[in-house]
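Observations on chain architecture
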There are 2 protein chains.
Amino acid sequence: MKDDVALLDSGLIVTTDTLVEGVHFLSADPLDTVGQKLVRVNVSDCIAKGALPHQALFNLVWPTNRSDDDLHALITGLSSDLRAFDIDLIGGDTTSSPDRLVLSLTLLGRSLSDHVPRRGNACEGDDIWVTGTIGHGVAGLRAIERNLESEFPQSVLHYRVPQLPSVEVAHLIAQHANASADISDGLIADLANICDASQCGATIKLSDIPLVQNVSSLDSRSVDLLSGGDEYQCLFTAPQSQRGAIEATARQANLAVTCIGCCEAGTGVNVLDANGMPIKLLKTGWEHGGNS
Amino acid sequence: MKDDVALLDSGLIVTTDTLVEGVHFLSADPLDTVGQKLVRVNVSDCIAKGALPHQALFNLVWPTNRSDDDLHALITGLSSDLRAFDIDLIGGDTTSSPDRLVLSLTLLGRSLSDHVPRRGNACEGDDIWVTGTIGHGVAGLRAIERNLESEFPQSVLHYRVPQLPSVEVAHLIAQHANASADISDGLIADLANICDASQCGATIKLSDIPLVQNVSSLDSRSVDLLSGGDEYQCLFTAPQSQRGAIEATARQANLAVTCIGCCEAGTGVNVLDANGMPIKLLKTGWEHGGNS
């Protein structure tokens, strides 16, 4: 599967994501935030593909030892975000299990252009853009693990309830992007996936990347922030000829988008420091899979 | 949610079902049969709504303690049934977890008519029809639990790998049915759901119901067979005026469909014995939910 979304007939796209307790969220996380996270990780895929969220199906495996209050909290969080993103819940399946909470959402979206920007459509010479600020996901998780929640409220919020780019970004991507993805596995890993799929390389400049600030007490080196998952910002490439239009639209709609590098011949992702010297990356991202 | 499927734009329907290890299948069930079951419980919903299966998304929570051979078996079963039902796999999500296996499939189908027969569309006077033979699901599970697999191979097969009606039934339903559902919660429970949603009652005659034969050594009384889940046959209502056409089409296409009663004024489901006397039901079906 080269992409997180699939294109259906008549301009609909579809994407699905599963969250597993202890893997994608912590058992102690408030369940309203888990309901919101489920909606947002899917909306993130949708926006990143230049589409607006439309309808959803919800599959729930509910642990028999959880309370009715927990269920109420989950449904409250889920419902409020479905409303906030203008999504109709059209179906689903509910069952229970003796152990952990498992939730899936399948989201249908309306594509805003005839072509959906795939991972494999990046071209040599394309600018590489990201939305928002990178690193809140990893910083938030570390803050929770170290009982420093009150010192890093913004990052903790981002970890629990991904703060997505405006859905206006979907219009920007639909209009200008060649390739795109959301940053769910880490900036470097997701950019490497785009490069692999597009058979090109990429160079990005560390000093150009909008990294979260003031998190040094979390032992978060830049490489950790670049490699951490749970970002849910958009990463896209677009021809250099579109740079002016992208910047103008972003200014007008007050969207945070930043050009961080460009695609080039070759393979893989090169990261340069402020002096243009290559930085060696010890790890290239975070693979979902239970052991992380 | 009054129906197992939802209607999308442009004649697509969508349905989704989750299977949880220990709830919807046994831990010792061969995993190729679990893969097939996942496809078939969804195809069953699709056929019951007069639609042909088309595209699917697969969400997998894989237990870290299962072997690669298990995974291979699961994917083999899943793939062979996707091929058999002409379904393209267009997306999904894979993750892992320390405990039980959880699988979801979301199936998109092409509706064969402009109106999808809902649960709530049954009319007083409608004939009530079922496809196939009822009772294999409960008989198969009992045979496995009592180590009598070799004596009831047909029922065991039905339990592990639902033997669906021909997809030709989708055409029959699209053309003639007012209301329909698949029998996943038990014949009586699913018929009661149709009655509730349609604000009518129903009377069915026990002797007219095509029950599985020769299972008395499993202590399976008729009421158990009527109430057991995991049937995955179709239950539909159609105007009496369509009876001749339905029988003719069924004969021509060699489809097993049986008229078992009719809808009427009132509420709830009455079951009559061969003498026309009402039978009291001690339970009305099997609710998915982990405690059954």
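Note that the coordinates shown come from a computational prediction; the quantities given were computed from them, not determined experimentally. Counting from 1, residues in each chain are numbered in the order their sequence is written. Each chain gets a letter, beginning with A, and each ligand a number, beginning with 1, in the order they are written. Local features in a predicted model are, by the rule used here, given only for residues with pLDDT of at least 70; side-chain atom pairs are given and counted only at 80 or more, and totals for whole chains, interfaces and linings are based on all residues.

All names here are of chain A. Exposure classes come from backbone-placed C-beta atoms, where a residue is buried if 20 or more other C-beta atoms lie within 10 Å of its own, exposed if 12 or fewer do, and partly exposed in between. A run of H or I in DSSP becomes a helix once it reaches four residues, and a run of E becomes a strand once it reaches two; helices and strands are each numbered from the N terminus. Residue alternation in strand E8 (residues 201–205) divides its side chains into a buried set, Ala202 and Ile204, and an unburied set, Gly201, Thr203 and Lys205. Strands qualify as paired when DSSP identifies two bridges or more between them. For E8 and strand E10 (residues 257–264), the ladder comprises 4 bridges, and the chain directions are antiparallel. The residue of E10 that forms the bridge with alanine 202 is cysteine 263. Sheet topology places E8 next to strand E11 (residues 268–272); 5 bridges connect them, and they run parallel. Bridge pairing in E11 places lysine 205 opposite leucine 272.

With that settled, the discussion passes to the packing of helix H1 (residues 31–48) of chain B against helix H2 (residues 68–84) of chain B. How two helices sit against one another is set out by the angle between their axes and by the gap between those axes. Residue and element names in this part refer to chain B. Two numbers describe how H1 lies on H2: the axes approach to 7 Å, and their chain directions differ by 35 degrees. Our pair here, H1 against H2, has a crossing hand that is right-handed. Across the interface between the two elements, Leu31, Asp32, Thr33, Val34, Gly35, Gln36, Leu38, Val39 and Arg40 of H1 pack against Asp70, Ala73, Leu74, Ile75, Thr76, Gly77, Leu78, Asp81 and Leu82 of H2. Basically, the charged four are Asp, Glu, Lys and Arg, the nonpolar ten are Ala, Val, Leu, Ile, Met, Phe, Trp, Tyr, Cys and Pro, and anything else, Gly included, counts as polar. Its residues placed into classes, the contact of H1 with H2 shows 9 nonpolar, 5 polar and 4 charged. Every angle, taken between N-to-C directions, lies between 0 and 180 degrees, and every axis is a line fitted to C-alpha atoms, over only the stretch in contact when it is a helix. Two helices that cross are described as forming a left-handed crossing if the nearer one is turned anticlockwise from the farther one by less than a right angle, and a right-handed crossing if clockwise. Each residue gets a C-beta atom placed from its backbone, and two residues are in contact if those atoms lie within 7 Å.

Residues and elements named next belong to chain B. Tracing the sequence through the fold places serine 155 in helix H4 (residues 153–160). A count of 27 C-beta atoms within 10 Å places serine 155 in the buried class. Along the sequence, serine 155 and cysteine 200 sit 45 residues apart, while their C-alpha atoms lie 33 Å from each other. Ignoring any residue separated from it by four or fewer positions in sequence, one finds serine 155 in contact with His136, Ala139, Gly140, Ala143, Val212 and Val215.

Now for the domain arrangement of chain A. Residues and elements named next belong to chain A. If you check the domain split of chain A, you get domain 1 (5–111) and domain 2 (119–279). A straight line from the C-alpha centre of domain 1 to that of domain 2 covers 24 Å. On the side of domain 2, 18 residues touch domain 1, which itself brings 16 residues to the contact. Residue assignment for the side of domain 1 that touches domain 2 shows that the elements contributing at least two residues are helix H1 (31–48) and strand E3 (51–63). When residues in the side of domain 1 that touches domain 2 are grouped by element, the largest group, 10 residues, is from H1. For the side of domain 1 that touches domain 2, a count of residues per class yields 7 nonpolar, 4 polar and 5 charged. For the domain bounds, the source is a domain assignment made automatically or taken from a database.

What follows concerns the sheet that holds strand E2 (residues 12–20) of chain B. Residue and element names in this part refer to chain B. Strand order in the open sheet formed by 5 strands is E1-E2-E5-E3-E4, with mixed pairing between adjacent strands. Each edge of the sheet is formed by a strand with only one pairing partner; in this case those strands are strand E1 (5–7) and strand E4 (88–97). Along the sheet, successive strands turn relative to each other by an average axial angle of 15 degrees, direction set aside.

Residue and element names in this part refer to chain A. Inspection of the secondary structure assignment puts threonine 94 in strand E4 (residues 88–97). Remark: the alpha-carbon pair of threonine 94 and aspartate 70, spanning 24 residues in sequence, is separated by 15 Å. With residues up to four places along the chain from it excluded, the contact list for threonine 94 reads Leu60 and Trp62.

Moving on, we come to the relation of the copies chain B and chain A. The least-squares superposition of copies is restricted to C-alpha atoms, and to residues with a pLDDT of at least 70 in both copies. By a simple turn and slide, chain B fits onto chain A: the slide is 0.0 Å along the axis, the RMSD is 0.0 Å, and the turn is 180 degrees. Considering both components of the superposition, the chain copies are consistent with a two-fold axis. Both copies present the same face, since 100% of the interface residues in chain B are matched by interface residues at the equivalent positions in chain A.

Attention now goes to the sheet that holds E11(A). All names here are of chain A. Strand order in this open sheet of 7 strands is E7-E9-E6-E10-E8-E11-E12, and the pairing throughout is mixed. Because the sheet does not close on itself, it has two edges, and the strands there are strand E7 (179–182) and strand E12 (278–279). Lying on the sheet, H1 is in contact with E7 and strand E9 (234–238); it crosses E7 at an angle near 170 degrees. Sheet strands in contact with helix H8 (residues 243–253) are strand E6 (127–131), E9 and E10, and its direction is about 160 degrees off that of E10.

Attention now moves to the pairing of strand E5 (residues 102–111) of chain B. Residues and elements named next belong to chain B. Taking burial as the measure, the 10 residues of E5 include 9 buried ones, the bulk of the element. Pairing of E2 with E5 involves 9 bridges; the strand directions are antiparallel. Counterpart to threonine 15 in the pairing with E5 is leucine 107. Strand direction decides the pairing type here: strand E3 (residues 51–63) and E5, joined by 10 bridges, are antiparallel. Among the inter-strand pairings, glutamine 55 is bridged to a residue of E5, identified as leucine 108.

Let us look at the packing of helix H5 (residues 168–176) of chain A against H8(A). Residue and element names in this part refer to chain A. Across the interface, H5 lies against H8 with an axial gap of 11 Å and an inter-helix angle of 165 degrees. Classified by the interaxial angle, the pair formed by H5 and H8 is roughly antiparallel. For the element pair H5 and H8, the recorded crossing hand is right-handed. Residues Glu168, Leu172 and His176 of H5 pack against Ala245, Ile246, Thr249, Ala250 and Ala253 of H8. In terms of residue class, the contact of H5 with H8 is made up of 5 nonpolar, 2 polar and 1 charged. Convention used here: angles under 35 degrees read as roughly parallel, angles over 145 as roughly antiparallel, angles from 65 to 115 as roughly perpendicular, and any remaining angle as oblique.

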